[in-house]
Amino acid sequence: MKNPTSDLLLDTAGGVTTLTIHRVAKKNSFTTAMYAGMADALDQAQADPAVRVLVIQGHETIFSAGNDIADFLQTPPTTLDAPVFRFMRAISSFTKPIVAAVCGPAVGIGTTLLFHCDLVYAGDNAAFSMPFVNLGVCPEAASSLLAPQRMGYGRAAEALLLGDPFMAEAALEMGLISRIVPPSEVNALAQRQAQKLAAKPMSSVLASKRLMKQGQADLVAQRMAEEGTLFGQMLAQPAAQEAFAAFMEKRKPDFSAF
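Parameters at a glance
- Residues numbered from 1 in each chain as written.
- Predicted model: local features only at pLDDT ≥ 70, side-chain atom pairs only at ≥ 80, totals over all residues.
- Heavy atoms only, no water.
- Phe/Tyr/Trp six-rings, centres within 6.5 Å; stacked < 30°, edge-to-face > 60°.
- Buried < 20%, exposed > 50% of the residue type's maximum accessible area, 1.4 Å probe, protein only.
- Helix = DSSP H or I, 4+ residues; strand = E, 2+ residues; numbered from the N terminus.
- Polar contact = N/O pair within 3.5 Å; in protein donor to acceptor, adjacent residues only side chain to side chain.
- Contact = heavy atoms within 4.5 Å.
- Pairing = 2+ DSSP bridges.
- Axes fitted to C-alpha atoms, helices over the stretch in contact; angles between N-to-C directions.
- Parallel < 35°, antiparallel > 145°, perpendicular 65-115°, else oblique.
- Left-handed = near helix turned anticlockwise from the far one by under 90°.
- Nonpolar A, V, L, I, M, F, W, Y, C, P; charged D, E, K, R; others polar.

1. Some details on the packing of aromatic side chains
Applying the stated criterion across every chain, the model contains 5 aromatic pairs. Aromatic pair Phe30 and Tyr35: ring centres 5.3 Å apart, planes at 40 degrees, arrangement tilted. For Tyr35, a relative accessible area of 3% translates into the label buried. Ring centres of Phe128 and Phe166 lie 5.5 Å apart, and the angle between their planes is 20 degrees; on these two criteria the pair is classed as stacked. You can see Phe128 sitting in strand β7 (residues 127–129) and its partner Phe166 sitting in strand β8 (residues 166–167), a full 38 residues away along the chain. The two residues Phe128 and Phe166 agree in class, both being buried. An aromatic cluster of three or more residues is present, and its members are Phe30, Tyr35 and Phe87.

Below you can see the structure in the form of structure tokens.
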């Protein structure tokens, strides 16, 4: 596969396609072009019989800071066909195993995409957060459904209503990640586990993933669409406008009137 953008690297070897978020100077924040590239990469990997496993990784110091706010404000997702929603649908419906390697901050969609991965390995420097409320919007990627299921309602409420971050140990305890290792070892561990998966009978792996997710697919798709519609509506409302203006102006937002 060709790299869809210089901010994403794609490599396929031994049945494993590795998608590397490669925008460290901008904290691996996602642009519209990157979402389109990731959606296309997932669609290609899904269709290619030579690809048996997908790995998603960032840098030892940063997984992703979430949306690139300046790019996001220039090209907001106004319809469910927007690249960000295409990416969410692609990762949530991907039938092959997905292994993620996470180091440093994983903000917003940097965390919510992990709910759709099968194995997640994290560095002891990993920090997860879903601060949608703090931006005047709502959860996405079906996280309003999957976070309470995975984390329990109380912890999901702290993460989604307060936007409180949580570290790798808490993520391990609640089952969001599979193992914690030093940051320098995370990507290599993810590759080893992906290679193990690629060596197994793929019919058994695919059937097992499908059975574990059976009954959830329609719920996830419905919730994702509902979140996406509401997210788009909330972007145009005063609370989100104040939140994003404050972010760009590097000041504390004032929500007292909203």
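Now, onward.
2. Describing the side chain of Thr18
With respect to the secondary-structure elements, Thr18 resides in strand β2 (residues 16–21). Given the relative accessible area of 9%, Thr18 is considered buried. Within the structure, Thr18 has its side chain in polar contact with the side chain of Gln191 (distance 2.8 Å). Sequence-distant contacts of Thr18, defined by excluding residues within four places in its chain, comprise Leu9, Leu10, Asp11, Val55, Gln57 and Gln191.

3. Observations concerning the sheet that holds strand β9 (residues 179–181)
If you walk across this open sheet you meet the 6 strands as β1-β2-β3-β4-β6-β9, and the pairing is mixed. The open sheet is flanked by β1 (8–13) and β9, the only strands paired with a single partner. The average angle at which neighbouring strand axes cross in this sheet is 20 degrees, direction not considered. Sheet topology places strand β3 (residues 53–57) next to strand β4 (residues 98–102); 4 bridges connect them, and they run parallel. Opposite Val55, over in β4, you have Val99 as the bridge partner. Helix-sheet contacts for helix α1 (residues 32–47) involve β1, β2 and β3, and the interaxial angle to β1 is about 15 degrees.

4. Some thoughts on the packing of helix α5 (residues 143–151) against helix α6 (residues 153–160)
Look at α5 against α6: their axes get within 7 Å of each other, and the N-to-C directions meet at 135 degrees. Classified by the angle their axes make, α5 and α6 are oblique. Judged by the twist between their axes, the crossing of α5 over α6 is right-handed. Contacts between α5 and α6 involve Ser143, Ser144, Ala147, Pro148 and Met151 from the former and Tyr153, Arg155, Ala156, Ala159 and Leu160 from the latter. Grouping the amino acids of the contact of α5 with α6 by side-chain chemistry returns 7 nonpolar, 2 polar and 1 charged.

5. Digging into the sheet that holds β8
Strand pairing in a sheet relies on backbone hydrogen bonds. The paired strands run either parallel or antiparallel. Ordered in space as β5-β7-β8, the 3 strands form an open sheet in which the pairing is mixed. Each edge of the sheet is formed by a strand with only one pairing partner; in this case those strands are β5 (105–107) and β8. Relative to β8, β7 is paired through 2 bridges, and the arrangement is antiparallel. Paired with Ala127 across the bridge in β8 is Met167.

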